[in-house]
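# Commentary on secondary and tertiary structure
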Amino acid sequence: MTEKKEANNLTPVPSQDGQVCTHDAVFGEITEDGPNYRNVGWIGTVALMTKSMIGIGVLSIPIAFDTLGIVPGVIVLCTIAAITTWSDYIVGVFKLRHPEVYGIDDAGFLMFGLPGRIIFGGAFVLYWIFVAGSGMLGISISLNAMSSHGACTAIFVAIAAIIGLTLGSIQTLAKISWLAWVGLVGILTASK
C-alpha cells in the first residue's frame, strides 16, 4: 500500500488535528474539504472518456474513410491507434519516473529550466484559449442554426462565454461528470 502511494507521489502525513491525511506534492493535503482532482470515479471517467472519444474521433471516421477509401483508411486508423497507444505508454512511464510533474509547464521546467516552463506554459495557455474560442464559436453556430431569430452571432458568442465561464469555474470533474452523460446522449442522438 505504501509503495503504491509513493508511486503516485502521495504520502500519508499527520494533519494539524492529528488525523492522517494524504499529502500530494502539488495539491498539498487531500481532505474532504480541499481540492481533490482524483475522485471522479470509474463511472464518471467512463462517461468523460466515451464522450471525448466519440465527440472528437469517431464522428470524423466516416468522412476520413470516404476521402481515403477503405484500405488506406484502415491503415491510417491503425497507424494513428498505434501512435496514440505508444505515446500514452511513454507519458505513463514518464509520469512514474517524475511524479512531481503535473502539467506541460512542469515538463518544460524539467527539460529546459525556467525558460522551458515559461514557453511551454505560454503555449499551453494559448492552446486552451483557442480551444475555448472554438467551443464558443461552435455553440454560436449551433444557436444560429437552431434559431430563426435575427440576433447577431456576437450575442450567441457572449451566451456561450457565460455558459463556459459558469461551468469552467467548477474545479473538480467529479462535480460535473453528469454533464458528460448529457453530452454523450446528445452526441449519440444527433449522429442518428
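Residues numbered from 1 in each chain as written. Predicted model: local features only at pLDDT ≥ 70, side-chain atom pairs only at ≥ 80, totals over all residues. Heavy atoms only, no water.

Let's shift gears to the side chain of Ser-140. For Ser-140, the location among the structural elements is in helix H6 (residues 114-146). For Ser-140, a relative accessible area of 0% corresponds to the buried category. When sequence neighbours within four positions are dropped, the list of residues in contact with Ser-140 reads Thr-153, Phe-156 and Val-157. (Helix = DSSP H or I, 4+ residues; strand = E, 2+ residues; numbered from the N terminus. Buried < 20%, exposed > 50% of the residue type's maximum accessible area, 1.4 Å probe, protein only. Contact = heavy atoms within 4.5 Å.)

Packing of H6 against helix H7 (residues 153-168) leaves a shortest axis separation of 8 Å and a crossing angle of 125°. The pairing of H6 with H7 is recorded here as oblique in orientation. Crossing of H6 against H7: the hand is right-handed. Two secondary-structure elements touch here, H6 through Met-136, Ile-139, Ser-140, Leu-143 and Asn-144 and H7 through Thr-153, Phe-156, Val-157, Ile-159, Ala-160 and Ala-161. Here the residues of the contact of H6 with H7 are counted per class, giving eight nonpolar, three polar and no charged. (Axes fitted to C-alpha atoms, helices over the stretch in contact; angles between N-to-C directions. Parallel < 35°, antiparallel > 145°, perpendicular 65-115°, else oblique. Left-handed = near helix turned anticlockwise from the far one by under 90°. Nonpolar A, V, L, I, M, F, W, Y, C, P; charged D, E, K, R; others polar.)

Turning our attention to the packing of helix H3 (residues 61-68) against helix H4 (residues 70-97). For any two helices packed against each other, one specifies the inter-axial angle together with the distance between the axes. Orientation of H3 relative to H4, taken along the N-to-C sense of each, is 130°, at an axis distance of 7 Å. When the interaxial angle is binned, H3 and H4 end up oblique. The crossing of H3 and H4 is right-handed. Taken together, the residues of H4 that come into contact with H3 (itself represented by Ile-61, Phe-65 and Leu-68) are Ile-70, Pro-72, Gly-73, Val-74, Val-76 and Leu-77.

Purely geometric numbers; function is a separate question.
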